[in-house]
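As a plain string of letters, each chain reads:
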Amino acid sequence: MQQAQIELWALETQAGSQQSFSALCHHFYPSAIGFAVKVAGDVNLAEDAVQEALLKLSRTIHKLQDPATINAWVFKLVRWQVLDLIKQQKHYQNIENIEVVAPISNDSDEVNANNSTDGFKALLAQIPLVEGQVLYLFYLQEFSITDIARILEVPIGTVKSRLFRARKMLKQQIEQEN
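Residues numbered from 1 in each chain as written. Predicted model: local features only at pLDDT ≥ 70, side-chain atom pairs only at ≥ 80, totals over all residues. Heavy atoms only, no water.

**Q** Account for unusual backbone geometry, naming residues and giving values.
**A** Backbone geometry at Glu142 places phi at a positive 55°, although glycine is not the residue there. Residue placement: Glu142 occurs in the loop between α6 (129–140) and α7 (145–152). Phi is positive for Glu153, close to 55°, though the residue is something other than glycine. Summarising the element assignment, Glu153 is placed in the loop between α7 and α8 (156–177). (Helix = DSSP H or I, 4+ residues; strand = E, 2+ residues; numbered from the N terminus.)

Shown next, in the form of structure tokens:
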């Protein structure tokens with residue numbers, strides 16, 4: 001999807017267009033679910049969190065000052081909703097100890113057409129949660145390090161070190177499989 005189209009939908013949504021908001025939801029839903037599953041480790045909780053995040057987006061999109069940041073905005077909302085639901089359901093644990101589930105596949109997700117991406121997702125499911133989030137956002141969602149830092153609310157240096165560790169872990173897993 002062209003970034004310009006996404007930004008246009010964001011602007012039109014701010015102006016009150018329900019069709020544009022629907023288009024935004026359809027665009028972000030598959031990738032947001034994958035990210036939410038990576039954060040939560042639970043498909044049902046992830047689906048609830050994404051729905052809540054999209055509802056929150058509908059109420060707060062007027063606060064978005066730069067439409068170019070809509071991608072990071074949505075993923076940040078999803079992350080916060082997942083964390084809130086975990087707390088509400090009293091399943092709050094140390095985030096690093098939550099069992100990781102591979103992101104669910106979705107036919108509308110463009111990357112599923114590539115078998116190597118599916119293999120990457122399988123490897124990603126074996127990476128610890130903190131590092132796995134960074135890999136998911138960097139490689140599968142193609143966010144910049146700056147955007148990932150905004151989404152995860154950590155310094156850029158922390159994102160870089162997590163990405164370094166995650167790549168190292170990924171390399172070890174690939175070597176073990178071969």
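**Q** Tell me what's going on with the packing of helix α1 (residues 3–14) against helix α2 (residues 18–40), and back it up with residues and numbers.
**A** Remark: α1 packs on α2, axes separated minimally by 8 Å, with the N-to-C direction vectors making an angle of 140°. Viewed along their axes, α1 and α2 adopt a mutual orientation that is oblique. For the crossing formed where α1 meets α2, the hand is left-handed. On α2, the residues touching Ile6, Trp9, Ala10, Glu12 and Thr13 of α1 are Ser20, Phe21, Ala23, Leu24, His27 and Phe28. Among the residues making up the contact of α1 with α2, the classes are represented as seven nonpolar, three polar and one charged. (Axes fitted to C-alpha atoms, helices over the stretch in contact; angles between N-to-C directions. Parallel < 35°, antiparallel > 145°, perpendicular 65-115°, else oblique. Left-handed = near helix turned anticlockwise from the far one by under 90°. Contact = heavy atoms within 4.5 Å. Nonpolar A, V, L, I, M, F, W, Y, C, P; charged D, E, K, R; others polar.)

**Q** Tell me about α6, residues and numbers included.
**A** Taking 1.5 Å per residue as the helical rise, α6 with its twelve residues ought to reach 16 Å, and the 15 Å between its terminal C-alpha atoms agrees with that figure. Regarding α6, the residues found buried are Leu129, Val130, Glu131, Gly132, Gln133, Val134, Leu135, Tyr136, Leu137 and Leu140. Of the residues one or two after α6, Glu142 is the one with positive phi, at around 55°. (Expected span 1.5 Å × (residues − 1). Buried < 20%, exposed > 50% of the residue type's maximum accessible area, 1.4 Å probe, protein only.)

**Q** How would you explain the nonpolar core if you had to name every residue and give the values?
**A** One finds Phe35, Ile70, Val78, Val82 and Leu137 to be the most contacted residues of the largest nonpolar core, which totals 52 residues. For this core, the secondary structure elements donating two or more residues are α1, α2, α3 (43–60), α4 (70–88), α5 (115–124), α6, α7 and α8. Looking at this core, the element that brings in the most residues is α2, giving twelve residues. In this structure Phe35 touches Phe75, Val78, Arg79, Gln133, Tyr136, Leu137, Ile151 and Leu152, once residues within four positions along its chain are discounted. (Core = buried A, V, L, I, M, F, W, Y, C linked by side-chain atoms within 4.5 Å.)

**Q** Mind laying out the layout of surface pockets, listing which residues take part and the relevant values?
**A** As a volume, the second largest pocket reaches approximately 250 Å³. Of all the secondary structure elements, the ones that give two or more residues to the lining of the second largest pocket are α3 and α4. Broken down by element, the residue count for the lining of the second largest pocket peaks at four residues, all from α4. (1 Å grid on protein atoms, 1.4 Å probe; cavity = no way out; pocket = protein on both sides within 12 Å on 5 of 7 lines; lining within 4 Å. Points joined across faces, edges and corners; volume = space filled by probe spheres on them.)

**Q** Can you explain the packing of α4 against α7? Please cite residues and give values.
**A** Two numbers describe how α4 lies on α7: the axes approach to 8 Å, and their chain directions differ by 30°. What the angle tells us is that α4 and α7 run roughly parallel. Crossing hand, α4 versus α7: right-handed. Residue-level contacts link Ala72, Phe75, Lys76 and Arg79 of α4 to Asp147, Arg150, Ile151 and Leu152 of α7. Taken together, the residues of the contact of α4 with α7 break down into four nonpolar, no polar and four charged.

**Q** Requested: an account of the packing of aromatic side chains, with residues and values cited.
**A** All chains considered together, the criterion is met by four aromatic pairs. Centre to centre, the rings of Phe75 and Phe143 are 4.9 Å apart; their planes meet at 80°, and the pair counts as edge-to-face. A residue pair is termed long-range when its members are at least 10 positions apart, and Phe75 in helix α4 and Phe143 in the loop between α6 and α7 qualify at 68 residues. Overall, the relative accessible area of 1% leaves Phe75 in the buried class. Under the relative-accessibility criterion, Phe143 is labelled buried at 6%. Taken together, the ring pairs connect Phe35, Phe75, Tyr136 and Phe143 into an aromatic cluster. One Lys or Arg, Arg79, reaches over the ring of Trp80 and ends 5.8 Å from the middle of that ring. (Phe/Tyr/Trp six-rings, centres within 6.5 Å; stacked < 30°, edge-to-face > 60°. Lys NZ or Arg CZ within 6 Å of the ring centre and 35° of its normal.)

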